[in-house]
Amino acid sequence: RCVQETGGINAEYMGIIQIQRKLIKMKGTRVGLNKGFVVTRIAKRHHETRPSYRKGIKGKRVALIRSIVREAVGFAPYEKRIIELLRTGSLKDNKKAYKLAKQKLGTHLRGTQRKK
């Protein structure tokens, strides 16, 4: 069964076609499944490391500097208030802490990360 009720092509069927295309080698024809210029593929490197793959990962040096600054400077006033609200432990105060963090930091995701 290749066609869905909507008249489109089934995703499973498309997956099979894509696998078949990978298995079939190019023959240099202009049309058809095996169309295209015949080339030899370059073997992929197993452990290719690009600088872009490290983006967003905190380095040792940055972590050390941030921890020293946190010790020297301490917490911001809104952070102190969040810590106080979380220490009480009730669900109401937990929600209040989240709302305060979200209000100060601007987004839902930042608020939940800071609350942790």
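All values derive from a computational prediction rather than experimental measurement.

1. Observations regarding the layout of surface pockets
Taken as a whole, the second largest pocket encloses approximately 170 Å³ of empty space. What lines the second largest pocket is Arg70, Phe75, Glu79, Ile82, Ile83, Leu86, Gln113, Arg114, Lys115 and Lys116. Sorting the residues of the lining of the second largest pocket by element identifies α3 (77–88) and α5 (108–115) as the ones contributing at least two each. Tallying contributions element by element places α3 first for the lining of the second largest pocket, with four residues. Considered class by class, the residues forming the lining of the second largest pocket number four nonpolar, one polar and five charged.

2. Overview of the environment of His108
With respect to the helices and strands, the residue His108 is situated in helix α5. Once the C-alpha coordinates of His108 and Tyr98 are considered, the two residues, 10 residues apart in sequence, prove to be 8.8 Å apart. What His108 contacts, discounting residues up to four positions off in sequence, is Tyr98 and Lys102. Of note is the side chain of His108, whose polar atom sits 2.5 Å from the side chain of Tyr98.

3. Digging into the pattern of salt bridges
Counted according to the given criterion, the structure contains one salt bridge. The closest approach of N and O atoms between Arg70 and Glu79, which form a salt bridge, is 3.0 Å.

How each quantity is defined
Residues numbered from 1 in each chain as written. Predicted model: local features only at pLDDT ≥ 70, side-chain atom pairs only at ≥ 80, totals over all residues. Heavy atoms only, no water. 1 Å grid on protein atoms, 1.4 Å probe; cavity = no way out; pocket = protein on both sides within 12 Å on 5 of 7 lines; lining within 4 Å. Points joined across faces, edges and corners; volume = space filled by probe spheres on them. Helix = DSSP H or I, 4+ residues; strand = E, 2+ residues; numbered from the N terminus. Nonpolar A, V, L, I, M, F, W, Y, C, P; charged D, E, K, R; others polar. Contact = heavy atoms within 4.5 Å. Polar contact = N/O pair within 3.5 Å; in protein donor to acceptor, adjacent residues only side chain to side chain. Salt bridge = Lys/Arg side-chain N within 4 Å of Asp/Glu carboxyl O.

Taken by themselves, the reported measurements are silent on function.
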